[in-house]
Amino acid sequence: MKLRILLVGIIMSMLPCCSLRRHPIIKHVLLVKSGKDLHNSCQQKQPFITIWVHGTRLRPRIVCKNFFAAPEGLVKAVDFDPACHLHTIAQTLSAVDGAYYPLEHIYLFGWPGALDFKARKRAAQQLSESIQKVIHEFKQHHDITPKVRVITHSHGGNVALNLASVEATENLVVDELILLACPVQRETMDYIKNPMFKRIFSLYSTTDLLQVIDPQGIYPHNGITRPLFSERRFPAHKNLVQARIRMNRHSLMHVNFLLTNFIRVLPKVIETMSSWHHDD
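Residues numbered from 1 in each chain as written. Predicted model: local features only at pLDDT ≥ 70, side-chain atom pairs only at ≥ 80, totals over all residues. Heavy atoms only, no water.

If you tally the helices and strands in the protein chain, you get six helices and ten strands. Counting all 280 residues of the protein chain, 52% fall into the buried class. Counting contacts in the protein chain only where the partners sit at least 6 residues apart, residues at least 24 apart contribute 76% of the total. A total accessible area of about 13,600 Å² is found for the protein chain, and carbon and sulfur atoms account for 54% of it. (Helix = DSSP H or I, 4+ residues; strand = E, 2+ residues; numbered from the N terminus. Buried < 20%, exposed > 50% of the residue type's maximum accessible area, 1.4 Å probe, protein only. Contact = heavy atoms within 4.5 Å. Areas by Shrake-Rupley, 256 points an atom, 1.4 Å probe, with all protein chains shown as cover.)

So this is what it looks like as structure tokens:
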């Protein structure tokens, strides 16, 4: 079945000082048929490990338990409970493009999911340590240093961005950071400029209210600051590509970024955005 993905507002900056408002808007229509025409025939000289980081978890555990369940720390997807949706996400990515998303090299990172700046910073510290450990183990077993891809949903994106604030990262490099519906916040927005992030892809939808509803300006320990709520887009930067996503002519809600029909086309979306990155 053909899925029509409309990516509007692809904003790339040639100069870090450029603002989003100044840069022209480029419109593209991408027809996605299946994952069979992706990279499956390619041999990668330097393989990727992929790490999925979930977002805030405020829902009662008895409601949609398997959908929102997450492991503690970094767990291989093949070792995670198959009944949980995060395992399904990993399987879907691998089924669509097994060369770039091999299931045995996909990991799930679980953190408490509290709606709190400090909780996300603590999670970033643990994530940094976990990534470096996996890289070391991978190099020992395969005699090659892997590239690192981090895919995040919601505030999982701010956990990943906080990697730039972690001391003693030992030259950690994130080759691809994919932010799905990440609330853009004052405390982490400038981390996109950190050289540890080689390429950043930020996807958002204008009907996603949960992305912007987090009141970053009225957290108790910070007092009242502006902007009061989170935003959708990051400041322009040369390593950043941002896209407003519509699927089947409909804008996405926050949870849609987690559903299987979107995960199936995510590899193709990122592949296409990556080509725009190189062409710019």
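After presenting the structure, the write-up continues.
Moving on, we come to the packing of aromatic side chains. One pass over the structure, following the stated rule, counts three aromatic pairs. On the numbers, 4.9 Å between centres and 75 degrees between planes, the contact of phenylalanine 67 with phenylalanine 68 is edge-to-face. If you follow arginine 149 out to its NZ or CZ, it ends over the ring of phenylalanine 48, 4.1 Å from the centre. Positioned above the aromatic ring of tyrosine 101, the side-chain terminus of arginine 149 is 4.2 Å from the ring centre. (Phe/Tyr/Trp six-rings, centres within 6.5 Å; stacked < 30°, edge-to-face > 60°. Lys NZ or Arg CZ within 6 Å of the ring centre and 35° of its normal.)

Attention shifts here to unusual backbone geometry. Not every positive phi belongs to a glycine, and aspartate 143 is a case in point at roughly 60 degrees. Positionally, aspartate 143 belongs in the loop between α3 (117-142) and β6 (147-153). Given a relative accessible area of 70%, aspartate 143 falls into the exposed group. The backbone of arginine 249 shows a phi angle near 70 degrees, a positive value even though the residue is not glycine. Taking relative accessible area as the criterion, arginine 249 reaches 63% and is therefore assigned exposed.

Structurally, the position occupied by asparagine 162 is in the loop between α4 (156-161) and β7 (174-180). Taking relative accessible area as the criterion, asparagine 162 reaches 2% and is therefore assigned buried. Contact partners of asparagine 162, with chain neighbours within four places excluded, come to Arg120, Lys121, Ala124, Thr188 and Tyr191.

This next bit is on the side chain of threonine 188. The residue threonine 188 is located in the loop between β7 and β8 (197-204) in this model. Residue threonine 188 is classed as buried on the basis of its relative accessible area of 4%. A distance of 2.6 Å separates polar atoms of two side chains, one belonging to threonine 188 and the other to asparagine 158. In this structure, threonine 188 is in contact with Asn158, Leu161 and Asn162, ignoring residues within four places of it in sequence. (Polar contact = N/O pair within 3.5 Å; in protein donor to acceptor, adjacent residues only side chain to side chain.)

On the secondary structure map, valine 96 appears in helix α2 (residues 85-96). When the C-alpha atoms of valine 96 and proline 267 are compared, they prove to be 7.6 Å apart, with 171 residues separating the residues in sequence.

Distances and angles like these do not, on their own, reveal function.
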